[in-house]
Amino acid sequence: MNRHHLLSFSVGAASFAFLVFLAFRFGVLGAPRPAVTEQAIRPTIIEDTIPPNGAPSECYLAVIVARHSIDVVARSEGQLERLLVEIGSEVEEGTVLARLETVLIEHELAIERASLEASSAEANRWRQQALRARAETQRREALTDVLSKEELARSVSEAEEAEAQVAASEAVIHQAEARIARLQTQLDRAEIRAPFAGTVATRYVDPGAVVLPGTPILRLISARDRQARFAVPMEEKSDLKLGEPVRVEILGIPPMSATVLQIAPEIDAASQMVFAQAQLDEASETVPLVAGTTARVSRIGTEGSCW
């Protein structure tokens, strides 16, 4: 039985099991698929010059994945006040996704700002007093033939005391400024923002939940920039090259071109396959590809369609 017939025979029996394997491996199974509202536009078509009288000899089972996929986490401790997005919402980089309760932080911040204002006023008062004391000391130094040494020493002592009070007040001001900066950071961290433009795929917690730093709030996947992850038999690994153009086929969508972006350096022990990843070309960004969609990857120049 030649390679072509062996592939045709095994696809029906093994593709489902292998797809489940890929789904669990890549985190696809069980993840909600984001809603895509972009209008589908015909992507770059790779012309098949060979009559479609059977699948080519090199077709690899694949799944469509987002290039970027992360859990957006809380950066500070607090109670989740609001979620501003829903599953399937498309967001831009920097969009506020959720907010933690900030009433206590805002209250402390108001107190510290009032304390800073009072400390600044106190420091200004001592500065004025220090200036007057120094001026008085200079005046008395010019009258050494009239004033006693005790009076001059008292004037110098008053000036030094005023300057010491200025230094103490400035230290209090610096402490208040540090507390305000810390509280402002906590206030900023209470807003959970999108690190990149994407689609909300999963919601882990509901409003009212108490979260800690690092607690996952939402899962975000990149809105575009899709890739195809596929498995290659170990005996064909040496033939596949980084930067090599490949063809990606999905049922109901014209074939798309892609470029091999990553090739695993080792063979997966469970499947005895080598996993690779191909970046779909920019033309594919106009097609509503849902993460987790089954695909086929073949090398450029192979004959026929993988489907």
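Residues numbered from 1 in each chain as written. Predicted model: local features only at pLDDT ≥ 70, side-chain atom pairs only at ≥ 80, totals over all residues. Heavy atoms only, no water.

**Quick word on the overall build of the chain**
Link 1 in the chain: The secondary structure content of the chain amounts to 3 helices and 14 strands.
Link 2 in the chain: Counting every position in the chain, which comprises 307 residues, the buried fraction comes to 37%.
Link 3 in the chain: Sequence separation of 24 or more characterises 77% of the internal contacts of the chain that already satisfy a separation of 6 or more.
Link 4 in the chain: With the model as given, the accessible surface of the chain reaches about 17200 Å², and the carbon-plus-sulfur share is 54%. (Helix = DSSP H or I, 4+ residues; strand = E, 2+ residues; numbered from the N terminus. Buried < 20%, exposed > 50% of the residue type's maximum accessible area, 1.4 Å probe, protein only. Contact = heavy atoms within 4.5 Å. Areas by Shrake-Rupley, 256 points an atom, 1.4 Å probe, with all protein chains shown as cover.)

**Considering the pattern of salt bridges**
Link 1 in the chain: According to the stated counting rule, one finds 10 salt bridges in the structure shown.
Link 2 in the chain: In this structure, Arg127 and Glu170 form a salt bridge, with 3.1 Å as the shortest nitrogen-oxygen distance. Of this pair, Arg127 sits in helix α2 (residues 103-141) while Glu170 sits in helix α3 (residues 149-189), and the two are 43 residues apart along the sequence.
Link 3 in the chain: You can call Glu170 partly exposed: its relative accessible area is 30%.
Link 4 in the chain: The shortest N-O distance in the salt bridge between Arg193 and Glu191 comes to 2.7 Å.
Link 5 in the chain: A network of salt bridges, in which partner residues are shared, links Arg99, Glu191 and Arg193. (Salt bridge = Lys/Arg side-chain N within 4 Å of Asp/Glu carboxyl O.)

**Observations regarding the state of the cysteines**
Link 1 in the chain: Taken as a whole and assessed by the stated rule, the structure comprises 1 disulfide.
Link 2 in the chain: Across the disulfide from Cys59 sits Cys306; the S-S distance is 2.1 Å. On the sign convention where negative means left-handed, the S-S torsion of about -90° between Cys59 and Cys306 marks this disulfide as left-handed. Of this pair, Cys59 sits in strand β1 (residues 59-66) while Cys306 is found in the segment after β14 (294-299), placing the two residues 247 residues apart along the sequence. Considered together, Cys59 and Cys306 belong to a single accessibility category, that of buried residues. (Disulfide = S-S within 2.5 Å.)

**Side note on unusual backbone geometry**
Trans is the common state for peptide bonds, and a negative phi is the common state for residues other than glycine.
Link 1 in the chain: At Gln272, a position not held by glycine, the phi torsion is positive, near 60°.
Link 2 in the chain: Along the chain, Gln272 turns up in the loop between β12 (253-263) and β13 (273-280).

**A look at the environment of Glu108**
Link 1 in the chain: With respect to the helices and strands, Glu108 occurs in helix α2.
Link 2 in the chain: For the pair formed by Glu108 and Leu183, sequence separation is 75 residues and the distance between their alpha carbons is 7.6 Å.

**Some details on the packing of aromatic side chains**
Link 1 in the chain: Under the defined criterion, the tally for this structure stands at 1 aromatic pair.
Link 2 in the chain: On the numbers, 5.9 Å between centres and 15° between planes, the contact of Tyr60 with Phe230 is stacked. Of this pair, Tyr60 sits in strand β1 while Phe230 is found in strand β10 (residues 226-233), placing the two residues 170 residues apart along the sequence. We note that Tyr60, like Phe230, is buried.
Link 3 in the chain: Across the ring face of Trp126, the terminal group of Arg125 is positioned such that the distance to the ring centre comes to 4.8 Å. (Phe/Tyr/Trp six-rings, centres within 6.5 Å; stacked < 30°, edge-to-face > 60°. Lys NZ or Arg CZ within 6 Å of the ring centre and 35° of its normal.)

**Remarks on the nonpolar core**
Link 1 in the chain: Counting 20 residues, the largest nonpolar core has Ile64, Phe230, Val248, Leu280, Leu289 and Val297 as its most contacted members.
Link 2 in the chain: Mapped onto this core, the elements with two or more residues apiece are β1, β10, β11 (245-250), β12, β13 and β14.
Link 3 in the chain: Every residue in contact with Val297, bar those within four places of it in the chain, is listed here: Glu58, Cys59, Tyr60, Ala62, Ala228, Phe230, Val246, Arg247, Val248 and Cys306. (Core = buried A, V, L, I, M, F, W, Y, C linked by side-chain atoms within 4.5 Å.)

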